[in-house]
There are 2 protein chains.
Amino acid sequence: MHISANDPARKSFVHVPENSDFPIQNLPFGIFHTANNTTPRVGVALGESVIDLAALAALGYFNDLGLDLAVFTSETLNAMMRYGKSGTRAIRNRLADLFDAANQDLQGNKEHVEQVVLSQADCVMHLPVQIGDYTDFYSSREHATNVGSLFRDPANALFPNWLHLPVGYHGRSSSIIISGTPIHRPKGQQKPDDADPVFGPSKLVDFELEMGFFTYEGKPMGESITTEEAEDYIFGMCLFNDWSARDIQKWEYVPLGPFLAKNFASTMSPWIVTLDALEPFKVASPEQDPTPLDYLKFEGDKSYDINISMSIAPENGEDTVVCNSNFKFMYWTMVQQLAHHTVNGCNVRSGDLMASGTISGPTEDSYGSMLELTWRGSKPLTMKDGTERKFIQDNDTVTMRGYAEKDGIRVGFGEAAGKILPAK
Amino acid sequence: MHISANDPARKSFVHVPENSDFPIQNLPFGIFHTANNTTPRVGVALGESVIDLAALAALGYFNDLGLDLAVFTSETLNAMMRYGKSGTRAIRNRLADLFDAANQDLQGNKEHVEQVVLSQADCVMHLPVQIGDYTDFYSSREHATNVGSLFRDPANALFPNWLHLPVGYHGRSSSIIISGTPIHRPKGQQKPDDADPVFGPSKLVDFELEMGFFTYEGKPMGESITTEEAEDYIFGMCLFNDWSARDIQKWEYVPLGPFLAKNFASTMSPWIVTLDALEPFKVASPEQDPTPLDYLKFEGDKSYDINISMSIAPENGEDTVVCNSNFKFMYWTMVQQLAHHTVNGCNVRSGDLMASGTISGPTEDSYGSMLELTWRGSKPLTMKDGTERKFIQDNDTVTMRGYAEKDGIRVGFGEAAGKILPAK
């Protein structure tokens, strides 16, 4: 077939409910297993189904792509990602054609269809990538301004470097978990005003509304990736809730940055939406003034119009959406982040994760953390059950959702949910 | 045999030159290959030899230890380390006995000895561990005081949190390299006083004299490792030069910490000296005032008397030792660092690396960085060839060395060397 995998006219013979995050134009990658076959393997979401790529490969549907088919029975996507953009693009394009309603190649073989199309309800999702290094940026101007206003000085909210470079720092890979994994409230040192530090459960557990991107294997150490090349090194994106303990953070973070306040957990969505699938949703990012240095300049639209929200559900209670933001509010783009990260010769590897930092929008209901939404606890939010929240309480479930929509096509990310259990 | 692997009376039938870092009381682990057998595999240093553990395993010398012998033909030590302290201790004890001059088990079989005892000169060393997460602490009081005095206020050099917790932050794993790997001078943004930021090669490349420790697999996420348990989760130590670009650092590091200033490279020594081998060199760490919170308290001596030095050699020139420090100067101990790191439930994995931060001593010649040694460039150091150094110049080779010595036994770390090439 010679039509784009993203063509809005494509329909799949696999049922896709209205408003599904996973039409045939999406085809995001993940790792799953089933009760019948407990081997973790590569899958792709389509409607309410999971396509079993290991089964498709075993049936010969990828034979001409020149891939080692063992990559589909790997516990992570890293092996598949080592084929780079051309490799993963070829796989996605093949899937778009195979599952197109107009194509009988697979559709015509009911036995094969049964083997490869599984119900999402029967699939247990795994953390899809062995994450080597995790970097967190701080690229939302509204967020940096809000935090600067709250903790320092509203008149000088942004630090001098902020408009000149995408500020970032290294985070913790070991505690990145998949949606649905519960988290114990972290304990740590906090410093009451005018008293010695004390130890105990954090009282100010917060979410951070972020999105992350995964890299392909980059260039050797000592070389850099330009903004022009950067998209070739980005596999895809996920939802990312970078849990934070504000009281621990406040006491520990000067001068070397957040540490225990962040590294107890970060929750990601199970499906990685490829940059290819997001291509139709490209939009301009905010104008940059001052003009950045040459190595940070780029041409064309490099942001994406992705609606993202966070909601809180008390134990056995209903979800209350507490913020609606959008990825397009990000001041620094992913291509700038990757160019900056490697400009000193730092190497990136297949499976490295870079997150956006909290994405706050211009309006008060688009702020990406409780810290900002409640303005440091001074304006509590009211849940549907009438209870109030300044920060996250024990047994609250916090759920991030996200999707892009255009021309009647909705390409979504599913959700990244986590429940805060009491401290151990 | 029933004598300790550390017994000073032990001699090996393998020749160990005087002042070797690697007597039979050491037996540090690494990964190597040879021209004859290019499979990376586990080795142990002994004198000027490398013991091939894969060969020993194949000959049956580990058969009764209950280990999967495939761990010795792994590209990294991670698989072996998954057996925990009891596993690696059993291997080291077995080696101490097998290579003891008083034992004929191996010594008596010349053919076996030839197969397992290789010349270090014939071995190419590899990065020994697949490092999951790398954490850098900031645990030398003298270093933190010097940096605080240089960049802020000598009267208030330490930040308020410094004496209450071991300040740490996450670093970059991907760019940790083995001794001997050259590094290109990093490029990045620098901010001249009263001018806009500029882009170019760093002018202030520095070393940081550190030591690192590797963890075994820790407890599940949400649980903590106490100071009392911590040693059971520490495999061993290495030399660690955490290269830094001071001009990049100064502009980027507020408020989230160092990023590009550090993540272009860190150089480690190829051999990991076990905590078991260091046991005879235990000493007290500096008294802590104020008394730390309960979770940071510990009993007994938890530091080690390890001499560490850094030297600089210009291109084709002689080594000039520029600092002599000691691990025992560290204010916060490794057991406190690990307890702090996990007190919030953060999990550590087999192969995670935690570094000390720059270890400066009380005297000016024991400072662990050029920043401190030259007092920000104001007191240049003179090399043996008469040239001066404020920071590291292109084509300089910087070499870290370290050893512990007591009762006539020297347990050393070899070296961690790196040459700074011109910027690309």
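Residues numbered from 1 in each chain as written. Chains lettered and ligands numbered in written order. Predicted model: local features only at pLDDT ≥ 70, side-chain atom pairs only at ≥ 80, totals over all residues. Heavy atoms only, no water.

This brings us to the overall build of chain A. Broken down by element type, chain A carries 10 helices and 26 strands. Radius of gyration (C-alpha) of chain A: 22 Å, near the 22 Å computed for a compact globule of 424 residues. If one aligns the C-alpha atoms of chain A with their principal axes, the spans along those axes are about 75 × 55 × 35 Å. Considering chain A as a whole, with its 424 residues, one finds that 62% of them fall into the buried category. When contacts within chain A are restricted to residue pairs at least 6 apart in sequence, those whose partners lie at least 24 apart make up 71%. If you sum the accessible surface of chain A, you get close to 15300 Å²; carbon and sulfur atoms cover 48% of it. Each charge class in chain A was averaged separately, 35 positive and 55 negative side chains, and the resulting centres sit 4 Å apart. (Helix = DSSP H or I, 4+ residues; strand = E, 2+ residues; numbered from the N terminus. Rg over C-alpha atoms; globule rule 2.2 N^0.38 Å. Buried < 20%, exposed > 50% of the residue type's maximum accessible area, 1.4 Å probe, protein only. Contact = heavy atoms within 4.5 Å. Areas by Shrake-Rupley, 256 points an atom, 1.4 Å probe, with all protein chains shown as cover. Lys, Arg positive; Asp, Glu negative; His and termini not counted. Charge placed at Lys NZ, Arg CZ, Asp CG, Glu CD.)

What follows is about the sheet that holds strand 5 (residues 123-126) of chain A. Each strand in a sheet pairs with its neighbour through backbone hydrogen bonds, running either in the same direction (parallel) or in the opposite one (antiparallel). All names here are of chain A. One open sheet holds the 5 strands; their spatial order is 4-3-2-1-5, and the pairing between them is antiparallel. Each having just a single partner strand, strand 4 (117-119) and strand 5 make up the two edges of the open sheet. For this sheet, the mean angle separating the axes of adjacent strands, direction not counted, is 50°. With 3 bridges connecting them, strand 3 (residues 49-52) and strand 4 associate as antiparallel partners. Of the residues in strand 4, the one forming a bridge with I51 is V117. (Pairing = 2+ DSSP bridges. Axes fitted to C-alpha atoms, helices over the stretch in contact; angles between N-to-C directions.)

Another aspect to go through is the side chain of T215 of chain B. Residues and elements named next belong to chain B. Relative to the assigned elements, T215 resides in strand 13 (residues 209-215). One polar contact links the side chain of T215 to the main-chain carbonyl oxygen of R349, over a distance of 2.8 Å. Filtering out sequence-adjacent residues up to four positions away, T215 remains in contact with M81, Y233, L338, V348, R349, S350, G351, D352 and M354. (Polar contact = N/O pair within 3.5 Å; in protein donor to acceptor, adjacent residues only side chain to side chain.)

With 56 residues of chain A in contact, the opposing surface of chain B contributes 56 residues. If you sort the residues of chain A by the area they bury against chain B, R172, L256 and F259 of chain A come out on top, with a joint share of 15%. One can count 34 residue pairs in polar contact (both at pLDDT 80 or more) joining chain A with chain B. Those elements giving two or more residues to the side of chain A that touches chain B turn out to be strand 6 (134-137), strand 7 (168-170), strand 10 (187-190), strand 11 (198-201), helix 7 (246-252) and helix 9 (334-342) of chain A. When residues in the side of chain A that touches chain B are grouped by element, the largest group, 3 residues, is from strand 7 of chain A. Residue classes in the side of chain A that touches chain B are distributed as 29 nonpolar, 19 polar and 8 charged. (Buried area = accessible area lost by both parts, 1.4 Å probe. Nonpolar A, V, L, I, M, F, W, Y, C, P; charged D, E, K, R; others polar.)

What follows is about the pattern of salt bridges. Think of it this way: side chains of opposite charge can pair up when their charged atoms draw near. Applying the stated rule across the entire model yields 50 salt bridges over all chains. Here E231 of chain B makes a salt bridge to K282 of chain B, at a shortest N to O gap of 2.8 Å. Placement of the pair is E231 of chain B in the loop between strand 13 and strand 14 (234-241) and K282 of chain B in strand 18 (residues 282-283), with a sequence separation of 51 residues. Here E231 of chain B falls in the buried class, since its relative accessible area comes to 17%. A residue is classified by how much of its surface remains accessible, and K282 of chain B, at 18% relative accessible area, is buried. Each of D133, R349 and D352 of chain A together with R172 of chain B takes part in a single network of salt bridges with overlapping partners. (Salt bridge = Lys/Arg side-chain N within 4 Å of Asp/Glu carboxyl O.)

Here we come to the nonpolar core. Judged by nonpolar contacts, the single largest core of 148 residues is most densely connected at M211, M237 and I306 of chain A together with M211, M237 and I306 of chain B. When neighbours within four sequence positions are excluded, M237 of chain A is seen to be in contact with M211, G212, F213, W271, I272, V273, L275, L278, I306, F327, M334 and F413 of chain A. In this structure, I24, V42, L77 and L106 of chain B belong to the second largest nonpolar core, which totals 45 residues. (Core = buried A, V, L, I, M, F, W, Y, C linked by side-chain atoms within 4.5 Å.)

On to the sheet that holds strand 21 (residues 320-326) of chain B. Reading across the sheet, the 5 strands line up as 9-26-25-20-21 (chain B) and stay open at both edges, with mixed pairing between neighbours. Looking at which strands have only one partner, the edges of the open sheet turn out to be strand 9 (183-184) and strand 21 of chain B.

Here the focus is the relation of the copies chain A and chain B. Copy one and copy two of the chain differ by a rotation about an axis and a translation along that axis. Placing chain A over chain B gives an RMSD of 0.0 Å and needs a rotation angle of 180°, together with 0.0 Å of translation along the axis. Between the two chains, the operation in question is that of a two-fold axis. Minimal C-alpha separation from the rotation axis in chain A is found for G257 of chain A, amounting to 2.3 Å. (Least-squares fit on C-alpha atoms with pLDDT ≥ 70 in both.)

Attention now goes to the domain arrangement of chain A. Residue and element names in this part refer to chain A. For chain A, the assigned domains are domain 1 (4-126) and domain 2 (134-421). Between the C-alpha centres of domain 1 and domain 2 there is a distance of 29 Å. Both sides of the domain 1 and domain 2 interface together cover about 2300 Å² of buried area, and 59% of this is carbon and sulfur. Sorting the residues of domain 1 by area buried against domain 2 places D21, M81 and K85 first, and these three jointly supply 28% of that buried surface. When the shortest N-O distance is used, the salt bridge between R89 and D276 registers 2.8 Å. Taken together, the connections running from domain 1 to domain 2 amount to 12 residue pairs in polar contact (both at pLDDT 80 or more). Put simply, the parts of the chain that give the side of domain 1 that touches domain 2 at least two residues each are strand 1 (29-34), strand 2 (41-46), helix 2 (78-81), helix 3 (84-98) and strand 5. Sorting elements by how many residues they give to the side of domain 1 that touches domain 2 places helix 3 first, with 5 residues. When its residues are assigned to classes, the side of domain 1 that touches domain 2 shows 12 nonpolar, 11 polar and 5 charged. (Domains from an automatic or database assignment.)

Turning our attention to the side chain of S149 of chain A. Residue and element names in this part refer to chain A. Structurally, the position occupied by S149 is in helix 6 (residues 141-151). Classification of S149 as buried rests on a relative accessible area of 17%. Reaching out from S149, the side chain makes a polar contact with the backbone oxygen of T145 at a distance of 2.8 Å. Among residues more than four places away in sequence, those in contact with S149 are P154, A157 and W375.

Here the focus is helix 9 (residues 334-342) of chain B. Counting buried residues along helix 9 of chain B, 9 of its 9 residues qualify, which places the element largely inside the surrounding structure. Among the residues of helix 9 of chain B, M334, V335, Q336, Q337, L338, A339, H340, H341 and T342 of chain B are the ones counted as buried.

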